[in-house]
Amino acid sequence: MTRHFLRDDDLSPAEQREVLDLAARLKRDRFAERPLEGQKTAAVIFDKTSTRTQVSFSVGVADLGGNPLIMDSKNSQMGGKESVSDTAKVLSRMVELIVWRTYAHAGLVEMAEHATVPVINSLSDDFHPCQILADLQTIAERKGELAGLTATYVGDAANNMGHSYLLGFATAGMHIRVAGPDGFHPRADIVADAERIAAETGGSVSILTDPVAAVSGSDVVITDTWVSMGQEDEKAARIATFGAYRVTAELMAHAREDAIFMHCLPAYREYEVAPEVIDGPQSVVWDEAENRVHAQKALMTWLLKESE
């Protein structure tokens, strides 16, 4: 059966641990796995602009022995003259993996339904699961065992990062708190899914509005941009809405003394995070960015093996 990774809970807790263990091994030994030797090709498709996703998947596919075929959907037939389902069938005859950074999550679901090779969500409007694997790897490097740790995400809790932190961190057995203003909370169905997972793993899920209460006692403090792609016209209003959720040294002081700060980048200093935090000693954002390569290499290797 072909395995796909479209949302964080497409991996069971045991499977997530396997991928993270493999990611740690591949960070120690960069060329330990070469499932794309040959060279085999992975299609990496972009509907949205990218820095870390494009570089990390390009480097990762090459490290695994393969050829990264970077595709700009605007310069292809997909979604215009050719349906997503037909594209999936064509690409499956030519490549070993399909990686897609897109808008509507439904497109990824359709791609996976018709592809006979693994499909990876490298970002959609609803989820960003590859980022969460890199974040979990980074936390494990600093904190050891993930289960039982408390992580807090503050800011726009209704976006893809809020959704993926709920699912991915609950799968890891962590206590995940998500804090945002009224009207900017995660979808109810995703909260319910995360609560169900947490009940099985020993984690917990909390949705809050008070950033201080959310951060208090946390091992990890996380934020993301308040103005995502496509929201530029809302910039002034969103900055006013989320101002109380800016991660400053004062807010970090409510977390544990050894807490770490994370941001998936790009970051806008003076908006969602103060410079002294993101550039300070508690910040692990550069390790987090690097770990996109290792976590995604592990994911691709694991999916290819499971899909044999």
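Here, every reference points to the structure presented above.
Asks: In this structure, what is going on with the environment of A289? I would like to understand it.
Replies: In this structure, A289 sits in helix α12 (residues 285-306). Along the sequence, A289 and R52 sit 237 residues apart, while their C-alpha atoms lie 7.0 Å from each other. Contacts of A289, omitting those with residues within four sequence positions, involve R52 and L265.

Asks: For this particular structure, what's the right way to read the environment of P186?
Replies: Examined against the element boundaries, P186 turns out to sit in the loop between β6 (175-179) and α7 (188-201). Along the sequence, P186 and G168 sit 18 residues apart, while their C-alpha atoms lie 14 Å from each other. Among residues more than four places away in sequence, those in contact with P186 are A157, A158, H163, L166, V178, V191 and I207.

Asks: What should I look at first to understand helix α2 (residues 52-63) in this one?
Replies: Side chains of residues three or four places apart in an α-helix project in the same direction, reflecting 3.6 residues per turn. For α2, which comprises 12 residues, the first-to-last C-alpha distance of 16 Å matches the rise-based estimate of 16 Å (1.5 Å per residue) to within 8%. Listed as buried for α2 are T53, S56, F57, S58, G60, V61 and D63. Where α2 is buried, its residues touch β1 (41-46), β2 (67-72), β3 (97-101), β4 (119-123), α5 (129-143) and α12. Positive phi shows up at G65, right after α2, with a value of about 95°.

Asks: Explanation requested: the pairing of strand β5 (residues 150-154) in the structure shown.
Replies: Each regular strand displays side chains that alternate between the two surfaces of the sheet. When you tally the buried positions in β5, you get 5 out of 5 residues, the bulk of the element. Neither face of β5 is exposed, since T150, T152 and V154 on one face and A151 and Y153 on the opposite face are all buried. Where β5 lies against β6, 5 bridges are found, and the strand directions are parallel. Within β6, the residue paired with T150 across the bridge is H175. Assessed by its sense of winding, the connection that carries the chain from β5 through helix α6 (residues 160-171) to β6 is right-handed. Bridge count for β5 against strand β8 (residues 220-223) is 4 bridges, and the pairing is parallel. Across the sheet, the residue bridging to T152 is V221, located in β8.

Thresholds, definitions, all that
- Residues numbered from 1 in each chain as written.
- Predicted model: local features only at pLDDT ≥ 70, side-chain atom pairs only at ≥ 80, totals over all residues.
- Heavy atoms only, no water.
- Helix = DSSP H or I, 4+ residues; strand = E, 2+ residues; numbered from the N terminus.
- Contact = heavy atoms within 4.5 Å.
- Expected span 1.5 Å × (residues − 1).
- Buried < 20%, exposed > 50% of the residue type's maximum accessible area, 1.4 Å probe, protein only.
- Pairing = 2+ DSSP bridges.
- Right-handed = clockwise from strand over helix to strand, strands pointing away.

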